[in-house]
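What the coordinates show
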Amino acid sequence: MKHLITRVWRALAGPLQWRILWVRHAKFMIGVTGIVRDSDGNVLLLRHRLWPEGRQWGLPTGYANKGERFEDTIVREVREETGLHVQVGRLAHLKSGYQLRVEVAYEAVVTGGTMNVDSMEILEARWFTPHDLPDGIQESHRLLIHNKPE
């Protein structure tokens with residue numbers, strides 16, 4: 001039986017195999033977060049309009065588009081939400097086990113641009129020292145800033 005399955009699978013080849021795998025396996029959204037710092041080590045935090053009251057402060061975050069590299073998601077999200085340009089560095093965190101999403105976080109450094117907040121999503125954008133973060137920051141983001149992800 002195993003030999004028959006193997007021969008059929010090999011005969012299907014490329015696109016048909018991918019379609020079968022797509023139907024068979026789970027689909028996930030990929031949430032990507034940027035731990036954006038300036039040259040002084042301050043961290044960029046945004047007060048998100050759509051996040052729950054009292055917990056609106058957090059790092060630049062968004063979902064990866066289909067076919068988009070995660071590093072490019074950070075660059076896009078920071079530019080869309082703040083007008084700033086960043087260079088993405090090391091992978092800081094990867095967490096799975098959720099029902100429909102995977103979380104990814106990267107370190108990033110601001111390289112230019114002018115702060116221009118997208119008021120549709122963001123209420124406020126400010127730089128904070130890592131040891132003087134605002135009340136209402138997402139705890140998971142506080143841990144990322146201090147390099148202690150859950």
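We now examine the packing of aromatic side chains. Under the definition given, this model contains one aromatic pair. A ring pair is formed by W57 and F128, whose centres lie 5.3 Å apart and whose planes are at 80°; its orientation type is edge-to-face. You can see W57 sitting in strand β3 (residues 57-58) and its partner F128 sitting in strand β7 (residues 122-128), a full 71 residues away along the chain. Of the two residues, W57 and F128, neither departs from the other in class, the shared state being buried. Geometry around Y98 places R101 over its ring, the cationic atom sitting 3.9 Å from the centre.

Turning to the pattern of salt bridges, a few remarks are in order. Under the counting rule described, the total for this entry stands at eleven salt bridges. A salt bridge links R37 to E107; the nearest nitrogen and oxygen atoms lie 3.3 Å apart. Of the two residues, R37 is situated in strand β1 (residues 29-37) and E107 in strand β6 (residues 101-113); the sequence distance between them amounts to 70 residues. Taking the relative accessible area as the measure of exposure, R37 reaches 18% and is therefore buried. In this structure, R47 engages E124 in a salt bridge whose closest nitrogen and oxygen atoms are separated by 3.2 Å. Separated by 77 residues along the polypeptide, R47 in strand β2 (residues 43-48) and E124 in strand β7 bring together distant segments of the chain. A cluster of three or more residues bridged by salt bridges with shared partners is formed by E68, R76, E77 and E80.

Thresholds applied
Residues numbered from 1 in each chain as written. Predicted model: local features only at pLDDT ≥ 70, side-chain atom pairs only at ≥ 80, totals over all residues. Heavy atoms only, no water. Phe/Tyr/Trp six-rings, centres within 6.5 Å; stacked < 30°, edge-to-face > 60°. Helix = DSSP H or I, 4+ residues; strand = E, 2+ residues; numbered from the N terminus. Buried < 20%, exposed > 50% of the residue type's maximum accessible area, 1.4 Å probe, protein only. Lys NZ or Arg CZ within 6 Å of the ring centre and 35° of its normal. Salt bridge = Lys/Arg side-chain N within 4 Å of Asp/Glu carboxyl O.

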